[in-house]
Amino acid sequence: MRRFRGGRDNDMVYRIIRLLGAAFFITAFSWQAVAAERIKIKLAEVIRSQLYIPMYVALSKGFAAAEGLDIELVTANGGDRAGALILSGQADFGLAGPEVPIYIYNSESTDKPLIFCALTATDGFFLASRTKLDKFDWSMLNGKKIIGWRPGSTPGLYLNYTLKQHGVDAATIGNVVTNIGIPARDGAWISGTGDFGIFMEPNLSKLEKAGQAHMITSIGKEVGRADYTVFFAKRSWIEKNPAAAQKWTNAIAKAQAWVATASEKDIAEAIAPYFPGLSLDDNIAVVSRYRSAGVPIWASSTSVDEGGLAKAQEIMIMGGVLPADKKVPYEKIVTTTFSGAAEKKSASK
C-alpha cells in the first residue's frame, strides 16, 4: 500500500481537507439560511380528526415546508377555544367551522376575522346507533336520546338541521345531549349514554371495531354542500402577513390535488404520524369511509363556495344562533385573494 510521505502528497491531502471543510461550511451556512428564512406559524385546529386529511397531507408530504413555512399545530378541542386563541394572539390562524369567524364578526371585536381558505365541503360526522338496525327510518329517533355536540357548534347545528329536515319531532330535537365534553364523548357512549349519536373519525371506527356503534348515514350526505371547516385569521394578521397566508393556501391546494388522485393506502401512510394510536388498516378504512360518503367531504379547491357559506348561515339561522339580520355578506368575511392566486399557480403547472 502506498503511503503519503510529505511533499506533493501532503499538499494534496491538505488541499482535500480544506475543500471538504469549505464545502461543509457552505452547506451548514445554507441550511442555517434556509431555516432563518422559514416563516414560523402557529395553527390552531378545532380538534384532531381525519376529516382534515388534506391539512395533515400538506404537513406530512412537505408541501408547507416547500413553501417556506414552519408550522406548529395545536389542538384547541373546541371552536370557541380556537377562536379565543386567534383573538388573543396565541395562534396566528385557525381551522374551525365558519360559525366561529361569523360569531367573532358579529361581536364587539374591532379586529374582524377573514376566512381565506376552504378545507371541507360539508359535514364530516356520521349518525350511528347503539344497536344494529336492518332498516333505518328517521322516525326511529323519536323519543330516543341522541348524543350531539356543543350548542352553537357546526356539528350541533348541522345535526339539528338534518333532524328537522327529516321530520324528527321537536321534543327529541330539544333533548339532544349537548353537554358532554369532546374528550369524554366516547366514554359516555360506551358507558351507556345515548341510543343514537354523531361521531367523526377516528372515533367512529374505534367504536365500530369494539362493537359499540353501527353507522347509519353521513350527515354531510343529508346536508349537501355547506362549507364546514375553513382557515381564518384576524384581518390585522392577514394584512401584516399576506405572504404567509398565500404560502399556506398554496400548500393546501397542493394537498387537495394530491389527495384527489392518491391511493387510500398512500393517504393513510401520509396521515399516520398524526394518529399514532391507529393502525395502517384503520386509517385506510377511514379514508375509504370518507370517499364513499355519498358526497364530496373534502373541498376540491381552496375557494370558499359562496353558496356553501350561504347554506352554512341558513343552518345557523334555523338553529337559532344567528339572527337573520346578522347574516354576514360573503365579501365581508371571505377574501378570495389567496385562493385565487393558488388556483392560478396550480393551473399553470
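As the structure is a prediction and not an experimental result, all values here were calculated from the model.

Draft legend 1. Highlighting the side chain of Arg289. Inspection of the secondary structure assignment puts Arg289 in helix H14 (residues 280–291). Those residues in contact with Arg289 that lie beyond four places of it in its chain are Phe126, Glu201, Leu204, Ser205, Glu208 and Met215.

Draft legend 2. Molecular detail of the pattern of salt bridges. Applying the stated criterion across every chain yields a total of ten salt bridges. Residues Lys42 and Glu72 are paired through a salt bridge, measuring 3.9 Å at the closest nitrogen-oxygen approach. Residue Lys42 is found in strand E1 (residues 39–45), and its partner Glu72 is found in strand E2 (residues 69–75); the two are separated by 30 residues along the sequence. For Lys42, a relative accessible area of 28% corresponds to the partly exposed category. The shortest N-O distance in the salt bridge between Glu67 and Lys254 comes to 3.0 Å. Of this pair, Glu67 sits in the loop between helix H3 (63–66) and E2 while Lys254 is found in helix H12 (residues 242–261), placing the two residues 187 residues apart along the sequence. With a relative accessible area of 8%, Glu67 lands in the buried category. By relative accessible area, Lys254 is classed as partly exposed at 24%.

Draft legend 3. Region of interest: the sheet that holds strand E5 (residues 126–129). With respect to topology, four strands assemble into an open sheet ordered E6-E7-E5-E8, the strand pairing being mixed. One side of each edge strand has no neighbouring strand; the edge strands of this open sheet are strand E6 (146–147) and strand E8 (214–218). Pairing analysis gives four bridges linking E5 to strand E7 (residues 196–199), with the strands arranged antiparallel. What sits directly across from Ala128, in E7, is Gly197.

Draft legend 4. Representation of the sheet that holds strand E4 (residues 113–120) in the model. Read across the sheet, five strands follow the order E2-E1-E3-E9-E4 without closing on themselves; strand pairing throughout is mixed. The outermost strands of the open sheet, each flanked by one partner alone, are E2 and E4. Neighbour to neighbour, the strand axes of the sheet diverge by 25° on average, direction disregarded. Of the pairings in the sheet, the one linking strand E3 (residues 93–96) to strand E9 (residues 229–234) comprises three bridges and is antiparallel in character. Following the sheet pairing, Gly94 is matched in E9 by Phe232.

Draft legend 5. Looking closely at the nonpolar core. Among the nonpolar cores identified, the biggest contains 99 residues, and Tyr52, Met55, Phe116, Phe231 and Trp248 are the most heavily contacted of them. Two domains each donate at least three residues to this core, and these are domain 1 (39–122 + 227–347) and domain 2 (125–223).

Draft legend 6. Local environment of the environment of Lys145. Of note, Lys145 is situated in the loop between E5 and E6. Separated by 32 residues in sequence, Lys145 and Val177 have C-alpha atoms that sit 7.2 Å apart. Ignoring any residue separated from it by four or fewer positions in sequence, one finds Lys145 in contact with Val177, Thr193, Gly194, Asp195 and Phe196.

Draft legend 7. Looking closely at the pairing of E9. Of all six residues making up E9, six are buried, and the element is well covered by its neighbours. As judged from the six bridges shared by E4 and E9, these two strands associate in the antiparallel manner. Bridge assignment links Ala118 to a residue of E9, and that residue is Val230.

Draft legend 8. Highlighting the packing of aromatic side chains. Summed over all chains, the structure comprises 14 aromatic pairs. Taking 5.8 Å as the distance between ring centres and 50° as the angle between the ring planes, the aromatic pair formed by Phe93 and Trp248 counts as tilted. In this pair, Phe93 sits in strand E3 while Trp248 sits in helix H12, placing the two residues 155 residues apart along the sequence. In this structure, Phe93 and Trp248 share a single accessibility class: buried. With a centroid separation of 5.2 Å and an interplanar angle of 75°, the aromatic rings of Trp189 and Phe199 are classed as edge-to-face. Taken together, the residues Trp189 in helix H8 (residues 185–190) and Phe199 in strand E7 connect sequence positions ten residues apart. The same class applies to Trp189 and to Phe199, which are both buried. Sitting over the ring of Trp189, Arg130 keeps its end group 4.1 Å from the ring centre.

Draft legend 9. Region of the structure containing the environment of Val321. Counting through the fold element by element, Val321 comes out in the loop between helix H15 (306–318) and helix H16 (330–333). Once the C-alpha coordinates of Val321 and Tyr103 are considered, the two residues, 218 residues apart in sequence, prove to be 9.1 Å apart.

Draft legend 10. Main features of H12. Between its first and last C-alpha, H12 extends 30 Å over 20 residues, near the 28 Å set by a 1.5 Å rise per residue. Of all the positions in H12, only Ala244, Ala245, Gln246, Trp248, Thr249, Asn250, Ala251, Ile252, Ala253, Ala255, Gln256 and Val259 are classed as buried.

Draft legend 11. Structural context of the packing of helix H13 (residues 264–271) against H14. Two elements in contact, H13 and H14, have axes whose closest approach is 8 Å; the angle formed by their N-to-C orientations is 120°. The angle between H13 and H14 falls in the class oblique. H13 and H14 meet at a crossing whose hand is right-handed. Residue-level inspection shows Glu264, Lys265, Ile267, Ala268, Glu269 and Ile271 of H13 in contact with H14, the latter providing Leu280, Asn283, Ile284, Val287, Ser288 and Arg291. The residue inventory of the contact of H13 with H14, partitioned by class, reads six nonpolar, two polar and four charged.

What counts and how
Residues numbered from 1 in each chain as written. Predicted model: local features only at pLDDT ≥ 70, side-chain atom pairs only at ≥ 80, totals over all residues. Heavy atoms only, no water. Helix = DSSP H or I, 4+ residues; strand = E, 2+ residues; numbered from the N terminus. Contact = heavy atoms within 4.5 Å. Salt bridge = Lys/Arg side-chain N within 4 Å of Asp/Glu carboxyl O. Buried < 20%, exposed > 50% of the residue type's maximum accessible area, 1.4 Å probe, protein only. Pairing = 2+ DSSP bridges. Axes fitted to C-alpha atoms, helices over the stretch in contact; angles between N-to-C directions. Core = buried A, V, L, I, M, F, W, Y, C linked by side-chain atoms within 4.5 Å. Domains from an automatic or database assignment. Phe/Tyr/Trp six-rings, centres within 6.5 Å; stacked < 30°, edge-to-face > 60°. Lys NZ or Arg CZ within 6 Å of the ring centre and 35° of its normal. Expected span 1.5 Å × (residues − 1). Parallel < 35°, antiparallel > 145°, perpendicular 65-115°, else oblique. Left-handed = near helix turned anticlockwise from the far one by under 90°. Nonpolar A, V, L, I, M, F, W, Y, C, P; charged D, E, K, R; others polar.

Everything listed here is a matter of geometry and, on its own, says nothing about what the molecule does.
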